[in-house]
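Results of the structural survey
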Amino acid sequence: MSALLVLEDVVVVRGANRVLDGVSLEVRAGEIVGLLGPNGAGKSTLLRAALAITPRVSGRVSIGQSDPSELDRIVLARRAAFLPQDAEVSLDFSVREVVSMGRYAHVGRWSALSREDTAAIDAALLALDLVDLASRPIRALSAGEQKRALLARCFAQDAPLLVLDEPTSTLDAGRARSLLRAVRAKCDTGGALIAIHDLALAAASCDRIVALAAGKIVASGPPAMALTPAVLQSVFGVRGSVDVDEEGVRVTLRG
Amino acid sequence: MSQRLVLPGLVLALAVAMAASLLVGPAALSASDVLRAFGSEGPPWIRSVILEVRLPRVLLAALGGLALALAGHALQGLFRNPLADPSVLGVASGATLGAVVALYSGLALSILLVPSAAFIVALATAATVYRLAARGPVVSNSSLVLAGLAVSALTSALSSLVLSVALADWELGRQLLSWMLGGLENRNMGHVWILLPLAIVPSASLAFYARDLDALALGEEQALAVGVDVLAVRRGVLVLSSLLTAATVSVMGIVPFVGLVVPHAARFVSGPGHRKSFATSAVLGALLLVVADTVSRALSGSIDLRPGVLTSLIGAPFFVAVVHRTRKRDEAHA
């Protein structure tokens, strides 16, 4: 399987701090990679560096064989869709209007939406259960519904790589799971890199886990292998274990 | 009123207001006088009043209103802030300084030298603000607004200084004050020829950025993520709205509230999408200033009510109403 995203030895500096200190990872087609780590570990910075939103001082990044910092934004938008963590909308666009912005990379500045564009927008609304909310102003929705609408915008973009920063942070457990199921369905052919806080959710929904602490990768691999009791203790300060049984991945946390 | 009739309705209203405006003034002229003047008929003094006094005012009011409304609209979109207006970048107070210095230096002898000086100083101010705010190729919105505030404070202080020195000479002081209050008296077709390209070309160019400004409503990171070159958009929108503001203020002084209020009204009737609401803003801005100037002229025998005073008198309560209705709508949805 070819890699959709490759980071090699990426270093990002803010002031005197090495926010990312030599990070390497890969996201391949068909897999969901969960990026875990305590607050301030550098998860958001890693996602931004991967998309050339934050500049890196050294290392290599490639998305579909090219360095994103040298790609035209439109071309990059066809290869990777990004959902940032804080997303406050400043005007009263409807959910459908927001989702259709995901088609900018496919539609000329002066052109109307094609049938294909409309189909992609409809599919994204359907996948995230937003059909009934499509004509509502997005700012009138709850925080969780807004997140879903913005994720639908990413879906409509039809890029092979999804980069999502804490997409489930404002959702209840049920919504969080169904959102990740929608991402899974979308990643049938593509891949996703998701920063996530909830250990159990990450272990249950990701193919691989990358654990980040103080700008360095401290563990990576399938959930049960990456999240050893030692990693849980040292990175997250919790005692517990991650096991695989016939029902799937189970996370047990103690005290 | 149905959505599709809003813009044609406003264009019609603007045409009517501009035509009516030609009938208003100290000399009582009829509609047939106006028509004959346009057909190069009738007494020369009537032709002169219509074509050289009233027509330039009407055209300037329309162009200036359009330019200010669009500059404010684009800046509100760029800064993602409903309180942004054309004055945030310091361009307007820069233009005022240029005009005041030109008047003080006696350049008023040639009527077009004052707007030219104002325009040059306004553009120099904009460049200074941009320079101060820039760190390498990156310019953040907050540093732009701060630099704009600082430079505005400086240029306003300098204008006040020139004014207070000039007040030693009563006539000169009166001239300066009158310019600073803004207005369209004693403007001629020369002013129209200056403002016409500088209002129309940047306004039309702003349409290029309409969909980028739509995406900016989701924040700069998401705009980048859907393929918007945010830096290029910011540069383009800043240059175009600075040109619009500089040109307008250079010709008519500061006319407050048009660039702040009109975009809100336009979004209220045409929705948030910039392509549609830009068009509505342009027509509504022109309409507001033509009406304000007409009223100001109709009352000129009894009271000197500047168009800028009128736009504020109309604008302030309207602004409160728009904000109130928007908030009620938001609460209804919440």
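Above this text you will find the structure in question.
Notes on the structure follow. Starting afresh in each chain, residues are numbered from 1 along the sequence in its written order. Labels follow written order: the first chain is A, the first ligand is 1, and so on. Only residues with pLDDT of at least 70 get local features here, since the model is predicted, and only at 80 or more are side-chain atom pairs given and counted; chain-wide, interface and lining totals rely on the full set of residues.

1. Considerations on the overall build of chain A
Per the convention used, a helix needs a DSSP run of H or I reaching at least four residues, while a strand needs a run of E reaching at least two, with both numbered from the N terminus. Across its full length, chain A holds nine helices and 11 strands. By principal-axis analysis of the C-alpha atoms, chain A measures approximately 55 × 40 × 35 Å. Counting other C-beta atoms within 10 Å of a residue's own tells you its class, since 20 or more makes it buried, 12 or fewer makes it exposed, and anything in between is partly exposed; those C-beta atoms are placed from the backbone. Residue burial in chain A is summarised as follows: out of 255 residues, 49% are buried. Note on contacts: each residue gets a C-beta atom placed from the backbone, and two residues are in contact if those atoms are within 7 Å. Contacts in chain A between residues far apart in sequence, at least 24 positions, make up 66% of those at least 6 positions apart.

2. Quick look at the sheet that holds strand β1 (residues 3–14) of chain A
Residues and elements named next belong to chain A. Only strands that DSSP links by at least two bridges are regarded as paired with each other. Pairing is antiparallel in the open sheet, where three strands are placed in the order β2-β1-β4. Of all the strands in the sheet, the pair left with one neighbour each is β2 (17–28) and β4 (58–63). Each neighbouring strand pair of the sheet contributes to a mean axis angle of 15 degrees, computed without reference to strand direction. Bridging between β1 and β2 involves nine bridges; their strand directions are antiparallel. Its bridge partner being in β2, Arg14 is matched across the sheet by Asn17. Between N-to-C directions, angles span 0 to 180 degrees; the directions come from axes that are lines fitted to C-alpha atoms, helices contributing only their stretch in contact.

3. Observations regarding the packing of helix α4 (residues 115–127) of chain A against helix α5 (residues 143–156) of chain A
Residue and element names in this part refer to chain A. Remark: α4 packs on α5, axes separated minimally by 8 Å, with the N-to-C direction vectors making an angle of 140 degrees. What the angle tells us is that α4 and α5 run oblique. In this structure, the crossing between α4 and α5 has a hand that is right-handed. In contact with Ala120, Ile121, Ala124, Leu125 and Ala127 of α4, α5 contributes Ala152, Phe155 and Ala156. Split into classes, the residues belonging to the contact of α4 with α5 amount to eight nonpolar, no polar and no charged. Here the word oblique covers every angle except those under 35 degrees (roughly parallel), over 145 (roughly antiparallel) and from 65 to 115 (roughly perpendicular). Should the near helix be turned anticlockwise from the far one by less than a right angle, the crossing is termed left-handed; should it be turned clockwise, right-handed. Amino acids are sorted into nonpolar (Ala, Val, Leu, Ile, Met, Phe, Trp, Tyr, Cys and Pro), charged (Asp, Glu, Lys and Arg) and polar (every other residue, Gly among them).

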